[in-house]
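Breakdown of the fold
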Amino acid sequence: MSKQRIAQKTVRKSAAPATVSGSARRQIRESNETRLLEAAEHVFAERGFSGATTGAIADRAGLPKANLHYYFRTKEALYRAVLANVLELWLDALDRFSPEREPADAIAEYIAAKIYWSKTRPNASKVFANEVLHGAAFLGDYLSVDLRRRVERNAVVIRQWIKAGKLRPVDPRHFIFQLWAVTQHYADFEVQVRAVLGRARLTDADYQAATASITELVLRGCLPEASARPVGTKRPLDVAAPS
């Protein structure tokens, strides 16, 4: 089940008065849906699917509860739409991997992108993690079919890099799992990271340090000896929006 199908039939068409132009109706609908999805992401991350209520989500979005049900008929429909957004956010970055690219650049960019999303959208990762930890009732088919295919597609690229001598022999799938774990830690376990670092909130410098440390560690572990970047090599480590 693709992420498009996860969210299908979740959004109702707007029926704004005829006096409002078509473009204005679209803008209103898009604005309201965005507000609702952002609020839902926060509430689902904080309370989980079972604990979240449409009333709490509507309150956080600053919209009447009736408006929420106008766009999303049920809490499940809204949850599926949030999951679809999260999947697009977290997994599309993996498509940076291609045989033509240098693995050092592709892997470093992927790490930077994942840390960027951990910084700017930590709740997205928490929603996904909560769903998986509770048995993936809404994502089971996606994980075993679509995600599996996607990982295998990128595993093929990693095997090509290995065959070309650009990467040390690694298990491609476990390598991808490890990239997910080491980057999403800064979203899923943000409270723990802040506690250990003694921060009320993580700073840009903290995320930059995480990007630098993870990139150095991963590249030193997977690049051939001759092409490994020396310690202290300067890289563009700013946690900026991925291109």
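In short, a report on the structure.

What counts and what doesn't
- Residues numbered from 1 in each chain as written.
- Predicted model: local features only at pLDDT ≥ 70, side-chain atom pairs only at ≥ 80, totals over all residues.
- Heavy atoms only, no water.
- Helix = DSSP H or I, 4+ residues; strand = E, 2+ residues; numbered from the N terminus.
- Expected span 1.5 Å × (residues − 1).
- Bend = angle between axes of the 7 residues up to and from the residue.
- Buried < 20%, exposed > 50% of the residue type's maximum accessible area, 1.4 Å probe, protein only.
- Contact = heavy atoms within 4.5 Å.
- Polar contact = N/O pair within 3.5 Å; in protein donor to acceptor, adjacent residues only side chain to side chain.
- Axes fitted to C-alpha atoms, helices over the stretch in contact; angles between N-to-C directions.
- Parallel < 35°, antiparallel > 145°, perpendicular 65-115°, else oblique.
- Nonpolar A, V, L, I, M, F, W, Y, C, P; charged D, E, K, R; others polar.
- Phe/Tyr/Trp six-rings, centres within 6.5 Å; stacked < 30°, edge-to-face > 60°.
- Core = buried A, V, L, I, M, F, W, Y, C linked by side-chain atoms within 4.5 Å.
- Salt bridge = Lys/Arg side-chain N within 4 Å of Asp/Glu carboxyl O.

1. Thoughts on helix α9 (residues 172-188)
Three or four residues apart is the spacing at which side chains of an α-helix point the same way, because the helix has 3.6 residues per turn. Taking 1.5 Å of rise per residue, the 17 residues of α9 would be expected to cover 24 Å, and the 23 Å separating its terminal C-alpha atoms lies within 8% of that figure. The sharpest bend along α9 measures roughly 30 degrees and falls at V182. Buried residues of α9: P172, F175, I176, L179, W180, T183, Q184 and A187, and no others. Elements in contact with the buried residues of α9: α5 (75-91), α6 (103-120), α7 (122-133), α8 (140-163), α10 (190-197) and α11 (204-222). N-capping of α9 is provided by D171, with a side-chain oxygen placed 3.1 Å from the backbone N of R173.

2. Some words on the packing of α8 against α9
Remark: α8 packs on α9, axes separated minimally by 9 Å, with the N-to-C direction vectors making an angle of 110 degrees. Here α9 runs roughly perpendicular to α8, going by the angle between their axes. Along its contact with α8, which presents L147, V151, E152, N154, A155, I158 and R159, the element α9 presents P172, R173, F175, I176 and W180. Here the residues of the contact of α8 with α9 sort into eight nonpolar, one polar and three charged.

3. Some points on the packing of aromatic side chains
Under the defined criterion, the tally for this structure stands at 10 aromatic pairs. Geometrically, the ring pair formed by F44 and F49 is stacked, given 6.2 Å between the ring centres and 20 degrees between the ring planes. F44 sits in the buried class, given a relative accessible area of 2%. By the ring-pair criterion, three or more aromatic residues cluster together here, those being F44, F49, Y79 and F138.

4. A word on the nonpolar core
By size, the foremost hydrophobic cluster in this structure holds 64 residues, and its most contacted members are F44, L78, F97 and I107. When residues in this core are grouped by element, the largest group, 10 residues, is from α5. Setting aside residues no more than four positions away along its own chain, F44 makes contact with F49, A52, I57, K75, L78, Y79, V82, V127 and N130.

5. Structural notes on the pattern of salt bridges
Tallying each qualifying case throughout the model produces 14 salt bridges. For R80, the salt bridge is made with E76, and the minimal N-O distance between the two is 3.2 Å. Of this pair, R80 and E76 both sit in helix α5, four residues apart, which is roughly one turn of the helix. D95 serves as the salt-bridge partner of R153, at 3.9 Å between the closest nitrogen and oxygen. Here R153, found in helix α8, pairs with D95, found in the loop between α5 and α6; they are 58 residues apart in sequence, far enough to count as distant. According to the relative accessible area criterion, R153 is partly exposed, its value standing at 46%.

6. Thoughts on the environment of D171
One can find D171 in the loop between α8 and α9. When its relative accessible area of 36% is taken as the criterion, D171 is described as partly exposed. Each C-alpha atom of the pair D171 and R159 lies 8.6 Å from the other, and the pair is 12 residues apart in sequence. A polar contact is formed between the side chain of D171 and the backbone nitrogen of R173, at a distance of 3.1 Å.

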